[in-house]
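Chain residues, written in single-letter form:
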Amino acid sequence: MSQLRSRFGKEADRSVQKYTSSLSYDRRLCREDIAGSIAHARMLAKQGIISDKDAELIIMALISIREEIEQGKFQFKDELEDIHMSIEARLVEKIGEAGQKLHTARSRNDQVALDVRLYVKRAIGETMEAVKKLQRSLIGLAEANTDTIMPGYTHLQQAQPVLLAHHLLAYFEMLQRDGQRFQDCLKRVDVMPLGSGALAGVPYPLDREAVAKELGFSRISRNSLDAVSDRDFIVEYQAAAATTMMHVSRLSEELIIWSSAEFGFIEIDDAYATSSSIMPQKKNPDVAELARGRTGRVYGNLLAMLTTLKGLPLAYNRDLQEDKEGLFQTVDTLLSTLEVFAGMVSTLKVKSHRMRAATEGGYLLATDLADYLVKKGLPFRKAHEAVAKLVQYAVGQGKDLKRLTLDEYHRFSPLFKEDVFQISVESSVAARDVPGGTAPRQVKTALAEAKRQLEQGG
Ligand code: ARG
């Protein structure tokens, strides 16, 4: 009879074994599981619950099991249900009775909670590094484009000119908030649950603080029922991941449009582009499209986790085993997306002349004309109306604003003078000289501040 089935008269049906096993994916937690077991064994000995000799045997064996796994020599057996049982079974195989003492004062319920928390802590560290890497790429591209002017859009209609650097720094800000969300989530992940047992705590004099310290946790959980059934920290990680992917997806959308022939604002480096099996001319932005597409599964994993938790009575329920696959997939998707984007953004070719040219034809300076009239004393609403009519007239004439004569301007307001022709895309950008605005002076300050924050973690 396999482990844990002494209460039954027979083995579990094959279909049940397959249905309940999580080993195919939770083997990813092997390092965390072993680290947790080593800390647990050491503490049990320190507290006199098991002998020093047994603890030593256990720890040595666990270290060699870790090596077996790393070298691909470890035999994973499906009937052992999960990574926890697999490692424990191998431990007993190696050292016999001493190995059978490891699970004293522990349940898989607090064990798995610990493993996942250790995993998410590590994932947060890697995620924050990956976010920073993409931020660095954005800053690099922004620095190279502090005087590249492009049309700014609302409703995807040309609105007002902006600096490309300013546009890129908007993404820096989004990612900065993302980094903060992960950092904040870490506070609630950083809680050590061992000692909660199956649900009620354990009848042994544990030193939970010592285990927390050895494993690098800042504090221990305060309620055993909560500790074994809490997966809020996974929801939080996934929510932060979903938000980050949403930002990358917005950037993707822009890179895709900008690399179209119609826009022609950028060219994706060959190393980050893909081609077509039939159309030889094609250079496709598949990386950006896949990031946009994969955002869907990251959202899906968040919703799946929330739905799994909804309605669960306290404390542990097997439903909670469903926390892992989505989490792993989200971490993998997010990390690979951030990584490939960092490379793609830093190698992006900007066609600044195309961006500049796109600011010429339309009516991007209309707001500047209204502001011009305001400076000459007209209330803004009146100025807005006069320029709206002027634009309507220019559209009718098929002319852009630069091509109108002063006489034509006068039909809409006598306040227009010769100096109206000094309004340009450059003057428009320079005029927006408020903190947070697109004026080159402000963007330079913003860039310096962004770099400072990246380096000092502000
Ligand atoms: N494999 C389970 C999980 O991932 C942990 C085992 C707890 N099993 C149990 N029957 N209490 O959640």
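Residues numbered from 1 in each chain as written. Predicted model: local features only at pLDDT ≥ 70, side-chain atom pairs only at ≥ 80, totals over all residues. Heavy atoms only, no water.

S.K.: Tell me about unusual backbone geometry, and name the residues and values.
M.R.: Omega for the peptide link from L314 to A315 comes to 5°, which places this bond in the cis form. Relative to the helices and strands, A315 is located in the loop between helix 11 (286–309) and helix 12 (324–346). In this model, A105 sits at a positive phi of 60°, which is unusual for a non-glycine residue. Relative to the helices and strands, A105 is located in the loop between helix 5 (83–95) and helix 6 (108–143). Non-glycine residue H155 carries a positive phi angle of around 60°. Residue classification places H155 among the exposed residues on the basis of a relative accessible area of 74%. (Helix = DSSP H or I, 4+ residues; strand = E, 2+ residues; numbered from the N terminus. Buried < 20%, exposed > 50% of the residue type's maximum accessible area, 1.4 Å probe, protein only.)

S.K.: Which residues make up the site of the ligand, and what values go with them?
M.R.: Around the ligand, the neighbouring residues are S22, D82, R108, N109, V112, Y316, Q321 and K324. Here a nitrogen atom of the ligand sits 2.9 Å away from a polar atom, N or O, in the side chain of Q321. The side chain of K324 places a nitrogen or oxygen atom 2.5 Å from an oxygen atom of the ligand. Relative to its unbound accessible area of 350 Å², the ligand is 85% covered by the protein chains. Tallying contributions element by element places helix 6 first for the shell around the ligand, with three residues. (Near = heavy atom within 4 Å. Polar contact = N/O pair within 3.5 Å; in protein donor to acceptor, adjacent residues only side chain to side chain. Areas by Shrake-Rupley, 256 points an atom, 1.4 Å probe, with all protein chains shown as cover.)

S.K.: Give a detailed account of the packing of helix 3 (residues 30–46) against helix 4 (residues 52–70), specifying residues and quantitative values.
M.R.: Between helix 3 and helix 4, the least distance of the axes is 9 Å, while the angle of their chain directions is 170°. One way to sum up the angle between helix 3 and helix 4 is to call them roughly antiparallel. Of the residues in helix 4, those touching helix 3 at C30, R31, I34, S37, I38, A41, R42 and A45 are D52, A55, I58, I59, L62, I63, I65, R66, I69 and E70. Of the residues assigned to the contact of helix 3 with helix 4, the class counts are 12 nonpolar, one polar and five charged. (Axes fitted to C-alpha atoms, helices over the stretch in contact; angles between N-to-C directions. Parallel < 35°, antiparallel > 145°, perpendicular 65-115°, else oblique. Contact = heavy atoms within 4.5 Å. Nonpolar A, V, L, I, M, F, W, Y, C, P; charged D, E, K, R; others polar.)

S.K.: Go over helix 11 with me, naming the residues and quoting the values.
M.R.: For helix 11, built from 24 residues, the straight-helix expectation of 34 Å at 1.5 Å per residue is met to within 8% by its first-to-last C-alpha distance of 35 Å. Every buried residue belonging to helix 11 is among V287, A288, A291, T295, V298, N301, L302, M305, T308 and L309, and all of these are buried. Buried positions along helix 11 lie against helix 10 (232–258) and helix 12. A positive phi of about 85° marks G311, the residue just after helix 11. (Expected span 1.5 Å × (residues − 1).)

S.K.: Help me get a handle on the packing of aromatic side chains, residues and values and all.
M.R.: Scanning the model with the defined rule gives 10 aromatic pairs in all. With centroids separated by 5.7 Å and ring planes inclined at 15°, the aromatic side chains of Y372 and F416 adopt a geometry described as stacked. Placement of Y372 in helix 14 (residues 366–375) and of F416 in the loop between helix 16 (406–410) and helix 17 (425–431) is noted, with a sequence separation of 44 residues between them. The residues Y372 and F416 share a single accessibility class, namely buried. Taken together, the aromatic side chains of Y153, W258, F263 and F265 make up a single cluster linked through ring pairs. For the cation-ring pair, R28 lies above F328, with the distance from its terminal atom to the ring centre recorded as 4.6 Å. (Phe/Tyr/Trp six-rings, centres within 6.5 Å; stacked < 30°, edge-to-face > 60°. Lys NZ or Arg CZ within 6 Å of the ring centre and 35° of its normal.)

S.K.: Before we move on, could you go through the pairing of strand 1 (residues 149–154) and cite the residues and values that matter?
M.R.: Pairing geometry for strand 1 and strand 2 (residues 157–163), over six bridges, is antiparallel. Across the sheet, residue Y153 finds its bridge partner in strand 2, namely Q158. Taken together, strand 1 and the strand that follows it, strand 2, pair antiparallel across an intervening segment of two residues, in which H155 is found at a positive phi of about 60°. (Pairing = 2+ DSSP bridges.)

S.K.: If you had to explain the nonpolar core to someone new, which residues and values would you point to?
M.R.: By size, the foremost hydrophobic cluster in this structure holds 126 residues, and its most contacted members are V120, Y237, W258, F341, L369 and F416. With 16 residues, the single largest contributor to this core is helix 6. Look past the residues within four positions of V120 in its chain and what remains in contact with it is V189, F233, Y237 and L327. (Core = buried A, V, L, I, M, F, W, Y, C linked by side-chain atoms within 4.5 Å.)

S.K.: Describe in detail the pattern of salt bridges, supporting the description with residues and values.
M.R.: Enumeration over the complete set of coordinates arrives at 39 salt bridges. Of the charged contacts, one joins E360 and R356 as a salt bridge, the two residues approaching to 2.4 Å between their closest N and O atoms. On the accessibility criterion, R356 (25% relative accessible area) is partly exposed. Between D419 and K376 there is a salt bridge whose closest N-O contact spans 3.2 Å. (Salt bridge = Lys/Arg side-chain N within 4 Å of Asp/Glu carboxyl O.)

S.K.: Which residues make up the packing of helix 10 against helix 12, and what are the values?
M.R.: At a closest axis distance of 10 Å, the pairing of helix 10 and helix 12 adopts a crossing angle of 35°. Helix-helix and strand crossings are classified by hand; for helix 10 and helix 12 the assignment is left-handed. Contact with helix 10, carried on its side by I234, Y237, Q238, A241, T244, M245, V248, L251, S252 and L255, involves G326, L327, T330, V331, T333, L334, T337, L338, F341, M344 and V345 of helix 12 and no other residues of that element. Residue classes in the contact of helix 10 with helix 12 are distributed as 14 nonpolar, seven polar and no charged. (Left-handed = near helix turned anticlockwise from the far one by under 90°.)

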